[in-house]
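# Examining the three-dimensional arrangement
Below are the chains, spelled out letter by letter.
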Amino acid sequence: MASVDDIAGLRRILLQSRVIAVVGLSPNWYRPSYFAAKYMQEHGYRAIPVNPNASEILGETCYASIDAIPVPVDIVDCFRQADEMPDLARAAVAKGAKVFWMQLGLRNDEAARIADAAGLDVVQNRCVKIEHARLMGGLHWAGVNTGVVSAKRELVTRDRK
Amino acid sequence: MTDRAFGFDTLCLHAGQIPDAATGARALPIYQTTSFVFDSADHAASLFNLQTFGNVYSRISNPTVAALEERVAALEGGRAALAASTGMAAQMLALLTLCRHGDHIVAARTLYGGTYSQLATTFDQFGIGVTFVDADDPAAFRAALLPTTKALYAETIGNPQLNVCDIASLSAVAHEAGIPLVVDNTMASPFLCRPFEHGADIVIHSVTKYLGGHGTTMGGVVVESGKFPWDNGKFPQMTEPSRGYHGVRFYETFGDFGFTMKARMETMRTLGPTLAPLSAFLLLQGIETLHLRMPRHSESALAVAQHLAAHPAVEWVNYPLLPGNRYEPIARRYLPRGAGGILTFGVRGGKIGGAPAGVRFIEGVQFLSHLANIGDAKTLVIHPASTTHRQLTEDEQRAAGVTPEMIRLSIGLESLDDILWDLDQALEKSQR
């Protein structure tokens, strides 16, 4: 089963997507999910919170589940426990999402199989913010080894805002 | 699909620098600015909260310096790097990110003199204890561990003793204790040895030396492997909300580059030994030819070592890859592409007319440069007993591995025949 793990594939996903359902988005500003969603908002994406315990985060209405989101979703980005991934993968498929993304530290082969079988791109054990910043943003400025070797002009997606 | 693993030589030229977004400039622009404008108050807040990556103030990050950081990280096979004004500053930033008052470090006794002083004197003032042990004995490192020990520290190749570190064995001792192995890789450069491949967790460079390679510019770098488990309970500063950065948990938030983020946003931000953008540019110019220079430094040094070993005015020669050297077996394991440009030798003959033979040799060289540095493109020569170690008694010098007849050479890129000629004629003068 094919997880997307290369620069070209990750860049394609990030360039083609606009709406991200962030499952388990915390309302606390210092939590990693908040960091990631705020970053993605600032780089031209819409981050829709899926959190039954909050009403609004980062200016967006919270929904209790993926299927309750009233607009189409490109990426389902998961900040929940690994054993919840298969159900979330099924919900992502039902929602018609194009990408099922499990955050840094998360791997679940069953969920990956479910999403992959339905034609979704699967990303495992990566942070959506870090990958965006690595490939199209400022992670390079933080001294991180991005792995990018290219003589093409740098892509700047902040202009998409 | 997997990404292409580019070769070391390609990374020397490209890693960390793609053409500038604004202008398409192919060479690295020198961003000679202290500060960077914010798009809005909200953008400023996000930057200060570390929610978005960007430049605020050049004490913390700068695009020209970032190119150097990423390039060294790539060459070492590491995850992330932080540049500093000097190698001494880089090492201080790494160790002060790991240790606080009351903590402890176990270090090789053969560490470079400046490092030894920083640990034994300045860190002592900070309340950080250091135990120095036999660099060749992993069991001595293990025996010196305390519950408060937060790092092991050693050098790939010691200076001036030219001892070669058994990195894998020290890494095993460190990891058994749940602490990182920090390795100063200045003398080898990542061309000759990549300590992460042998289990090191943090690598330090004085970029001033072989990476920069031309004796023009001071600089240092800290690189993290991205593989150390900072949540093992020994490093609450990596897992608990940061007092120095309003509650951020560095390991949880930044994962495998959390150590570098903490070193940058807390240690560098508050202590301030920043690398200048122009310095980063000059050092990167050097790195672009690292892969061409290191083989030549190493080949010429070995040839010089062999030449001197057969010279009647030379008592002994120390070079790790010289057949019969006590470190030859371990050097063949860790330094298969060469042992770098540094060697030492003893000039035969004691004091004649009050001046030791070593001093007479130094005064006799024509184009070999008498100065206190290593890793220049030019050949350098020094008599440690009368210069870098002259404040010590002869007994103290011997304890530091410095004998009255010892000469240290840093072999440069000149014609090998000319280097040998200058050595020979100066040796001849030393015997008169």
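Residues numbered from 1 in each chain as written. Chains lettered and ligands numbered in written order. Predicted model: local features only at pLDDT ≥ 70, side-chain atom pairs only at ≥ 80, totals over all residues.

### Things to note about the interface of chain B and chain A
Listed per partner, the contact involves 41 residues of chain B and 32 residues of chain A. Element by element, the count of residues in the side of chain B that touches chain A is highest for helix α3 (residues 63-76) of chain B, at six residues. Residue composition of the side of chain B that touches chain A, by class: 17 nonpolar, 17 polar and seven charged. (Contact = placed C-beta atoms within 7 Å. Helix = DSSP H or I, 4+ residues; strand = E, 2+ residues; numbered from the N terminus. Nonpolar A, V, L, I, M, F, W, Y, C, P; charged D, E, K, R; others polar.)

### Details of the packing of helix α3 (residues 85-95) of chain A against helix α4 (residues 109-117) of chain A
Residue and element names in this part refer to chain A. Remark: α3 packs on α4, axes separated minimally by 8 Å, with the N-to-C direction vectors making an angle of 10 degrees. Between α3 and α4, the angle is such that the two are roughly parallel. Judged by the sense of rotation from one axis to the other, the crossing of α3 with α4 is right-handed. Contacts between α3 and α4 pair M85, P86, L88, A89, R90, A92 and V93 from the former with E110, A111, I114 and A115 from the latter. Residue composition of the contact of α3 with α4, grouped by class: nine nonpolar, no polar and two charged. (Axes fitted to C-alpha atoms, helices over the stretch in contact; angles between N-to-C directions. Parallel < 35°, antiparallel > 145°, perpendicular 65-115°, else oblique. Left-handed = near helix turned anticlockwise from the far one by under 90°.)

### Thoughts on helix α5 (residues 128-136) of chain A
Residue and element names in this part refer to chain A. Of all nine residues that make up α5, nine are buried, and the element is covered over most of its length. Those residues of α5 that fall on the buried side of the exposure criterion are V128, K129, I130, E131, H132, A133, R134, L135 and M136. Where the residues of α5 are buried, they touch α1 (7-16), β1 (19-23), α2 (32-42), β5 (75-78) and β6 (99-102). (Buried ≥ 20, exposed ≤ 12 C-beta atoms within 10 Å, placed from the backbone.)

### Observations concerning the pairing of strand β2 (residues 104-108) of chain B
Residues and elements named next belong to chain B. The buried fraction of β2 amounts to four of the five residues, a majority that puts the element mostly inside the structure. Bridging between β2 and strand β3 (residues 129-133) involves five bridges; their strand directions are parallel. In the sheet register, H104 faces β3, and the bridge partner there is G129. Between the parallel pair β2 and β3, the chain is carried across by helix α5 (residues 113-125), and the sense of this crossover is right-handed. Where β2 lies against strand β4 (residues 149-155), four bridges are found, and the strand directions are parallel. Residue pairing in the sheet places A107 in a bridge with Y153 of β4. (Pairing = 2+ DSSP bridges. Right-handed = clockwise from strand over helix to strand, strands pointing away.)

### Considering the sheet that holds strand β7 (residues 121-123) of chain A
Residues and elements named next belong to chain A. Reading across from one edge, β2-β1-β5-β6-β7 is the order of the five strands in this open sheet, with parallel pairing throughout. The sheet is open, and its two edges are formed by β2 (46-50) and β7, each paired on a single side. Looking at each pair of strands side by side, their axes are set apart by 20 degrees on average, direction ignored. By the bridge criterion, three bridges tie β6 to β7 in an arrangement that is parallel. If you follow F100 over to β7, its bridge partner there is V122.

### Observations concerning the packing of helix α13 (residues 290-309) of chain B against helix α17 (residues 416-430) of chain B
All names here are of chain B. The N-to-C vectors of α13 and α17 enclose an angle of 35 degrees; their axes lie 11 Å apart at closest approach. When you trace α13 past α17, the crossing you get is right-handed. Residues S300, A303, V304, H307 and L308 of α13 pack against L416, I419, L420 and L423 of α17. Of the residues contributing to the contact of α13 with α17, the split by class is seven nonpolar, two polar and no charged.

### Considerations on α2(A)
In terms of burial, α2(A) is a largely internal element, eleven of the eleven residues being buried. Here the buried face of α2(A) lies against β1, β2 and α5 of chain A together with α2 (41-48) and α10 (250-254) of chain B. Downstream of α2(A) by one or two residues, A:G44 has phi in the positive range, about 90 degrees.

### Remarks on the domain arrangement of chain B
All names here are of chain B. One can read the domain layout of chain B as domain 1 (8-287) and domain 2 (291-430). Computed from C-alpha coordinates alone, the two centres of domain 1 and domain 2 are separated by 30 Å. If you look at the interface, domain 1 gives 26 residues, while domain 2 gives 29 residues. When its residues are assigned to classes, the side of domain 1 that touches domain 2 shows 13 nonpolar, ten polar and three charged. (Domains from an automatic or database assignment.)

### Notes on the pairing of strand β6 (residues 202-206) of chain B
Residues and elements named next belong to chain B. β6 sits mainly inside the fold: five of its five residues count as buried. Judged by which residues are buried, β6 turns out to be covered on both faces: I202, I204 and S206 on one side and V203 and H205 on the other are all buried. Across five bridges, β6 lies against strand β7 (residues 220-224) in antiparallel orientation. For I202, the partnering residue across the bridge sits in β7 and is E224.

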